[in-house]
Each structure stands twice: as C-alpha cells, then as structure tokens.
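A structural walkthrough
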Amino acid sequence: MMSEVKILTPVGMLGYGLNIPDFWKGVALKPDVITVDSGSTDSGPQKLGAGVMTCSREAYVKDISVLLKACFEHRLPVHISSAGGDGTNAHVDAFFEIVREIAKREGYGFKVALIYADIPRDYIRGKLRGGKIQPLGPVDDLTEKEVDAATNIVAQMGAEPFLKILKERPDIDVIIAGRAYDPVPIAATGIKNGIDPALCWHLGKIMECGAACAEPQGRNILGILKEDCFEVEPIAQGERCTVTSVAAHTLYEKSNPLYLHGPGGMLDLSECTYEQITDRRVRVRGSKFIPSPNYTVKLEGAKKIGFRSIFIGGARDPIFISQWDYVQTKVLEHVSESFPDVGRYELIYHVYGMNGVMAELEPTTQPAHELCIIGEVAAETQELATAICGRMRTGTLHCPYPGKIATAGNLGHPVTPLEIPLGDVCKFNIYHIMEVENGLDLFPIRYEEIR
Amino acid sequence: MNALTPLKEIAKVIRSKNAGPFEITFDIIFRSKDDYLRFKETNVLTKELFCTLYNVSPAKIITFGYFDILNAVKATIPRPRAQGSVGETDMHAAQQHAPLLDILVPWPRRS
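These remarks concern the structure in this document. Numbers given for residues are sequential positions, taken from 1 along each chain in its written order. The lettering of chains begins at A and the numbering of ligands begins at 1, in the order of writing. Note on the predicted model: pLDDT of at least 70 is required for a residue's local features to be given, and 80 or more for side-chain atom pairs to be given and counted; whole-chain, interface and lining totals, by contrast, use all residues.

Take the overall build of chain B next. The helix and strand tally for chain B stands at 3 helices and 6 strands. Listing the helices and strands of chain B from first to last along the sequence gives β-β-β-α-α-β-β-α-β. Here the C-alpha coordinates of chain B stretch approximately 50 × 25 × 20 Å along the principal axes. Whether a residue is buried, exposed or partly exposed follows from its count of other C-beta atoms within 10 Å of its own C-beta, namely 20 or more, 12 or fewer, or something in between, respectively; the C-beta atoms are built from the backbone. The buried share of chain B, reckoned over its 111 residues, is 38%. Think of it this way: any DSSP run of H or I at least four residues long counts as a helix, any run of E at least two long counts as a strand, and we number them from the N terminus.

Residue and element names in this part refer to chain A. Each pair of strands is called paired provided DSSP finds at least two bridges between the two strands. Pairing within the open sheet is mixed, and its 10 strands lie in the order β12-β13-β9-β8-β1-β2-β3-β7-β4-β19. The strands lining the two open edges of the sheet, one partner per strand, are β12 (273-276) and β19 (445-450). Looking at each pair of strands side by side, their axes are set apart by 20 degrees on average, direction ignored. Relative to strand β8 (residues 221-225), strand β1 (residues 5-9) is paired through 5 bridges, and the arrangement is antiparallel. What counts as an axis is a line fitted to C-alpha atoms, over the stretch in contact for a helix, and the angles between N-to-C directions run from 0 to 180 degrees.

This part is about unusual backbone geometry. Residues and elements named next belong to chain A. Of the consecutive residues E215 and P216, the connecting peptide bond is found in the cis state with omega at -10 degrees. With respect to the helices and strands, the residue P216 is situated in the loop between α9 (197-207) and β8. Of note, the bond from T416 into P417 is cis; its omega dihedral lies within 30 degrees of zero at -5 degrees. For R75, which is not glycine, the phi torsion reads 50 degrees and is therefore positive. Relative to the assigned elements, R75 resides in the loop between α3 (57-74) and β3 (78-81).

Moving on to the sheet that holds strand β3 (residues 23-29) of chain B. Hydrogen bonds between backbone atoms are what pair the strands of a sheet, whose relative direction is either parallel or antiparallel. Residues and elements named next belong to chain B. If you trace the 4 strands from one edge of the open sheet to the other, you get β2-β3-β5-β4, paired in antiparallel fashion. The strands lining the two open edges of the sheet, one partner per strand, are β2 (13-18) and β4 (63-67). Strand-to-strand twist across the sheet, computed as the mean angle between neighbouring axes with direction ignored, equals 10 degrees. The pairing of β2 with β3 spans 6 bridges and is antiparallel. Paired with R15 across the two strands is D27, which belongs to β3.

A few words now on the packing of helix α7 (residues 160-168) of chain A against helix α8 (residues 184-192) of chain A. Residue and element names in this part refer to chain A. Remark: α7 packs on α8, axes separated minimally by 9 Å, with the N-to-C direction vectors making an angle of 45 degrees. As judged from the angle between their axes, α7 and α8 are oblique. Here the hand of the crossing between α7 and α8 comes out right-handed. Residues F162, L163, L166 and K167 of α7 form the contact with α8, whose own contacting residues are V184, P185, A188, T189, I191 and K192. When residues are grouped by polarity, Ala, Val, Leu, Ile, Met, Phe, Trp, Tyr, Cys and Pro land in nonpolar, Asp, Glu, Lys and Arg in charged, and all others, Gly among them, in polar. The class makeup of the residues in the contact of α7 with α8 is 7 nonpolar, 1 polar and 2 charged. Any angle that falls under 35 degrees is termed roughly parallel, while one over 145 is termed roughly antiparallel, one within 65 to 115 roughly perpendicular, and all others oblique. Working rule for handedness: look at the near helix, and if it is turned counterclockwise from the far one by less than a right angle, call the crossing left-handed; if clockwise, right-handed. Remark: residues whose backbone-derived C-beta atoms lie within 7 Å of one another are considered to be in contact.

To continue, consider the interface of chain B and chain A. Between chain B and chain A, the residue contacts involve 40 residues of the former and 40 residues of the latter. Among the secondary structure elements, those contributing two or more residues to the side of chain B that touches chain A are β2, β3, α2 (47-54), β4 and β5 (72-78) of chain B. A class-by-class count of the residues in the side of chain B that touches chain A yields 18 nonpolar, 15 polar and 7 charged.

Geometric descriptors of this kind do not, in isolation, establish any biological role.
Below you can see the structure in the form of structure tokens.
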C-alpha cells in the first residue's frame, strides 16, 4: 500500500514524437511508472481493416528508444498499450520486435510482458448465439456474417491483465499490451497500490492524451494519485493545468461527460470538484466508480469493402456552379447506364465550397465562387474503381446543363493521374459490447526476457 | 445594456470531435462560471435550435445538456456515416462545429 503514486505520461499517442528535454525533467521527478497509450479508432478503420499501424515503424522506434533509455538507466517500468494503434496481436509482436532491436543495439536487458487482445471468432460466435453481444450506440446488431467479414477483431482490455502482471511479476520492466481501454496503463499502477480505483480511472481519462489537458496543449504530464484525490501538472514550464482546461478534457471525445462506461464498470463524475492548487496544478476529488453487475468489454472490428479511386477538379464558372444539382444527377444517371452489371459500387461527390466538409449537416446554402469537386468511387477491384471514376470524371467534365456557354470543359484538373487509385477501403463493422465471464481470460499474457 | 453577440466571442472553446467511430460530439466551454450561467439563462441554445442548425431530428440526439460542474454545454449525435468509410468528409469530425460559432446571444455590450 502506497500513499502516493506518480505517473509520467510523455505523449498522448506513441509515435507522434516526444519532447525529449521535458521528458527527462519528468523522469527526474521520480515517477513510479511511465505509461503511453498508442491506440485509437480515431484515424479510421484502415488500421484494423487493412492491418496497418497508425504511425510508421521508424516513428515508433524513435519514441520507444527514449522510453527504454529511461527504463534501463532509471529502472523505471514502461507500460505501453494498444500497440500499433489497433492493438492487434500482430502489432504487439511488432512492438516487441522493436524493443528487442533497440535493446540489442544499446546493450539493454529487459523482462517484458506481452498481453494479447485479438478475440477468436468462434468465441464471438458463441457469445452472439447466447445473446451476450449488443451494439454500442447507433450501430447495427452484430451478425455472424460480419464476424466472418472482419479482418481483425480485438476487445479493449480493462486493468485486470496489468494487475495480474504487477502482482505476480513485479520484476517486469516493460509491458506491451494489445488493445486496451485508453486509461488502463495509467490506472493500473494506482489500483495495484491500493488507491481508490475511481481516482485511478479518472486520472487515466484525463492523462491518456498526455498534456492535452493543459493550456496550451502539450505532451509530458505528471499525475499524482493520493488517498482521497489526484493532481495533474504538465512538465513544460510554459504550460498550465487549469480548472477549465482539465474539466474541458473530461468532455473530450466523450458521448456524455459525467458517466463514462469502461470495462467492468462506470465512472461517475457527476460530483467531482476541480481545484486550482498552484498556478500550474489542479486537484480533483469526488470521482466514483460503479462496478457493473456483469463484466463487459468493447469489441472493435473492421473489414475491407473494396477499393477506392478519386478524381479532383475545380469549378469557377458561375453558371455551372448554379446548375450543380442538375449536373450531379445527370452524371450519376450516365455512370449507372455505363456500368449496369459490375456488382456493387458506390459513387460520392465531395463538393468543397458547397458542403464538402459537413455534407447533410451543412446549414449554409450559398455556394462559394469556386468549388473543389472530388469524385469518390468504391468498387470491388481497383481497376473497376478507376474505370468508374474515369466515367464519372469525363461525365462531369463534359456534362451539358441549362444555360451553358462555356463548351470546352466544366472542370479545371490540378494533377495527374486524372483518376487516382487509392487502394483498400475499409469500414468499421464491429463496435459492440460483449458480456464476458471476467476481465482476464480473454487476454493471454506471455513473458519474455531480453538479455 | 445587451447587444446580440456571436457565441465565438463569448465561449472559450467551441469544438466538434468523434466520440468513437459512430458519434459526433460538440463541446462549448466557457471561461468562467459567470459566463456559463449567464449564457444558460439566456436559453438561446436549446435542443430545438441545435436540431435546426444541424438538420437532425430531436429523436436522434444522443446527449444534449448543460453541465454545470464543467461550465459547458455538450451535444452528441450519430455520425451520418461510419467513420472513415466511403463518403467520409471529416475523419475526426473536427470541423463540424462551425454553425455554432455565429449563434447570436444577448450579451452585455463591451465598454
């Protein structure tokens, strides 16, 4: 039982680059653990759907090298979660390979724990048949067809696998976890040391984006868990945590800011107080954690749905711009006549200067004096997507419209190729809550030693 | 003496962002409890106005509320389409806040 636990988080997303001088200032404050989340669904379904990592391997090597230096020289444990962005088994292994490579290069030795989060399809099918899987928010019910279609399926682990490692192997230097609920690595060390889990989870929520909860937003942040409160302070002297900036971060990316559901329970922040205790430090009290009667985890999955090609064109003719709705309808008719039998495909116009950013949510009806038109096509093969995109582009370029007096072409194209193949197009097809027996069995742990 | 003042001149933060791949959430955060309470009392920003600005039906609103302990208003709606698939216009949903900037609020005229 410790009366105080200090956690250093150097950056909100591993691979985004560290502020190295500030990081060493943070290390000098003698934290109990360094934690970094590297996961997010926020940059899209491409990671899970196509198996790619959020950042380049080089970017991860750069950041992890700094963390491992601190780990080796100061015997500070380093806990990394959601390896590679999506947290698949393949990316846990890729991160372990990076750690091994750096250790070999620098002559470090480490004891490493790996936690995996891929969920077997048979297990999910069984849960589905037993009625134990529900949509999370505005999502369709899960079907076995979608389970089969997903390229990768992971579940967000809670703190349990971390706690098991911390208890049975206190000698572990580095934990690399697959997909985890973002606050887990921050919360786990606090919970292990007997701090109120509600405070640990709430601190995790605030610190998982690094010093994004400071103003101006930064990278390195220190969290201090105490018996009845926690405190946060950014490392960089030019940054401050204020009551407003910390409370604002509680809202960030959350559907509801007061009740946050996670693995095993709900964080209730409805009675929290935020107190400015120094110019740069905020103290928070009153967080509550309400365990749920049945343990649930969030499933995430994405599938490949085809290939994408686009074209880019600009329009400056005011008569053309005024007839855009007419042109759009005509071109879509023309394309569907040309490609009646090629299977399913989708065409979408993005019209910047009209509603390119907000689409159906856009309240402004007055177009700008020039438009950037992007035609997007998704089809079963790359060749087909590019062919349909070509027809869509030439159809738009030469479409007749009422009042037309410029007969040479409707678009100004900035780049070649005029049709641009973009590769896989993916889609999130699993975002569901699954009831499980406990928070541990789904997430196998492997111990390794690098000498 | 009050003057109609755009919300962007009153609030400290006005933003939109994904809340997971299937929802968009909007935050309006005020500089102080005073500003927040004054704004709340004007009753200018209602669920109905929000629905009009974003052309969504009230039944689709997932969260709409004034959160006193955070000095903030928050609204959450379903994404028009799953994040990052065909037809995506804003991967992070970070540019969906603009219609909120110019909401006109009766506000004390600056001297």
